[in-house]
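# Architecture and fold: a report
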Amino acid sequence: MHKPLRIAAIAAACALSGAALYGAGAATAGQSTANSTHEPYNIGLLVKDIDTYYGTAADADGVYQASPTSPYAKDLARIDASAREYIDKAARKARHHGEKPAVVFDIDDTLLLSLDYEKRYNYTYNSASWAAYVNKADRPEVFGSPELVQYAEKKGVEVFYNSGLGEAQRAAAVENLKKVGADVNLDAGHMFLKDAANPPSYLSACATPGTWTCTTVQYKSGTRKHIEQDLGYEIIANFGDQYSDLDGGYADQKYKLPNPTYFVS
């Protein structure tokens, strides 16, 4: 998942301003690193801002959680309300035109929140610690997202997952998604994970067995292209916490969920 740039400051400004909806109402510009020669934002103050945004607090077990009354939760609620209204209309329109509507969700920090990992490792990334964290399969939900998965299914929309998690993490991802209530289409035909050892043929331009050169955008947009062109669905909405989850086309609408803790190019 995290192929970082692990720089919290890059993402903070956009999320803290509440500019979370990408392409539906409050559209945002793509993120980029600052080129200013001025002194950067103080990282200690930035961490305090992030904690305030999430309403971060450790629970009785010492696990860092976001508050359901935080600015983060309120931003998510606004996105959720807009997405529900859109899905309802877009699904009916797609079926009227003889299309099979689908939605695509990223997993990490779109459906499952990794705030506790970020806090414990001071917003840095290590592949071994990350793998161990994912394999515990006990991350909390991103507020409202599992319910949005259920809502899409009830509206007759096919649900797919397009994640940067590796194939070896499939069992843990499925277990964790079931725990938070996103128990919809968790089979291999609907949940796409990175398989560097045996990549699918539709990614052959950047991935062959044992050789993976796909960028996040190439991987995720290539998977969406496969869903549309090979599987025959019309992706009416694509949800992700990174711009790289959303760029590259093959989705009618894009929803950017807030995440000020890391940036994946």
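Residues numbered from 1 in each chain as written. Predicted model: local features only at pLDDT ≥ 70, side-chain atom pairs only at ≥ 80, totals over all residues. Heavy atoms only, no water.

## Observations concerning the overall build of the protein
Helix and strand counts for the protein come out as nine helices and nine strands. Here the protein holds 265 residues, and 49% of them are scored as buried. Of the contacts made within the protein by residues no fewer than 6 positions apart, 68% connect residues no fewer than 24 positions apart. Total accessible area computed for the protein in this model is approximately 11800 Å², and 52% of it derives from carbon and sulfur atoms. (Helix = DSSP H or I, 4+ residues; strand = E, 2+ residues; numbered from the N terminus. Buried < 20%, exposed > 50% of the residue type's maximum accessible area, 1.4 Å probe, protein only. Contact = heavy atoms within 4.5 Å. Areas by Shrake-Rupley, 256 points an atom, 1.4 Å probe, with all protein chains shown as cover.)

## Regarding the side chain of D80
Along the chain, the position of D80 falls in helix α3 (residues 71–96). For D80, a relative accessible area of 15% translates into the label buried. In this structure the side chain of D80 is engaged in a polar contact, spanning 2.9 Å, whose partner is the side chain of R84. Beyond its immediate chain neighbours, meaning those up to four positions away, D80 contacts G144 and L148. (Polar contact = N/O pair within 3.5 Å; in protein donor to acceptor, adjacent residues only side chain to side chain.)

## Overview of the packing of aromatic side chains
In total, this model carries 14 aromatic pairs according to the counting rule given. Between Y53 and Y54, the ring centres sit 5.7 Å apart and the planes meet at 70°, which makes this aromatic pair edge-to-face. Here a set of aromatic residues connected by ring pairs shows up, and it is made of Y53, Y54, Y72 and F143. Positioned above the aromatic ring of Y64, the side-chain terminus of K119 is 5.4 Å from the ring centre. Taking NZ or CZ as reference, K256 lies 5.3 Å from the ring centre of Y243, over its face. (Phe/Tyr/Trp six-rings, centres within 6.5 Å; stacked < 30°, edge-to-face > 60°. Lys NZ or Arg CZ within 6 Å of the ring centre and 35° of its normal.)

## A word on the confidence of the model for the protein
The predicted model of the protein averages 90 in pLDDT, with 86% of residues at 70 or higher. Considering only residues more than four positions removed or in separate chains, one finds that residues 3–29, a stretch of pLDDT under 50, has 69 contacts. (pLDDT = per-residue confidence, 0-100.)

## Comments concerning unusual backbone geometry
Positive phi, close to 65°, is recorded for D109, a residue that is not glycine. Mapped onto the elements, D109 comes out in the loop between β3 (100–105) and α4 (115–120). Among the residues examined, D109 registers a relative accessible area of 3% and is labelled buried. A positive phi is found at A137, a non-glycine position, where the angle reads about 55°. Structurally, A137 can be placed in the loop between α5 (127–135) and α6 (145–154). Residue classification places A137 among the buried positions, given a relative accessible area of 0%.

## Let's talk about the packing of helix α2 (residues 43–54) against α3
Taken N-terminus to C-terminus, the directions of α2 and α3 make an angle of 55°; their axes are 5 Å apart at the nearest point. Comparing the axis directions of α2 and α3 gives the class oblique. Residues T52, Y53 and Y54 of α2 pack against P71, Y72 and D75 of α3. Taken together, the residues that form the contact of α2 with α3 break down as four nonpolar, one polar and one charged. (Axes fitted to C-alpha atoms, helices over the stretch in contact; angles between N-to-C directions. Parallel < 35°, antiparallel > 145°, perpendicular 65-115°, else oblique. Nonpolar A, V, L, I, M, F, W, Y, C, P; charged D, E, K, R; others polar.)

## Description of the packing of α3 against α6
At a minimum axis separation of 10 Å, α3 and α6 run at an interaxial angle of 10°. Classified by the angle their axes make, α3 and α6 are roughly parallel. Two secondary-structure elements touch here, α3 through D80, A83, R84, I87 and D88 and α6 through E147, L148, Y151 and A152. Classifying every residue of the contact of α3 with α6 by side-chain character gives five nonpolar, no polar and four charged.

## Some thoughts on the pattern of salt bridges
Inspection of the entire model under this criterion finds 12 salt bridges. Ionic pairing is found between R84 and D80, a salt bridge with its closest N-O pair at 2.9 Å. Here the residue R84 and the residue D80 both occupy positions in helix α3, the gap between them amounting to four residues, near one helical turn. Among the salt bridges present, the one from E167 reaches R170, with a minimum N-O distance of 2.7 Å. A residue is classified by how much of its surface remains accessible, and E167, at 31% relative accessible area, is partly exposed. Accessibility expressed as a relative area gives 17% for R170, which makes it buried. Through salt bridges with shared partners, a single network forms among D88, R92 and K155. (Salt bridge = Lys/Arg side-chain N within 4 Å of Asp/Glu carboxyl O.)

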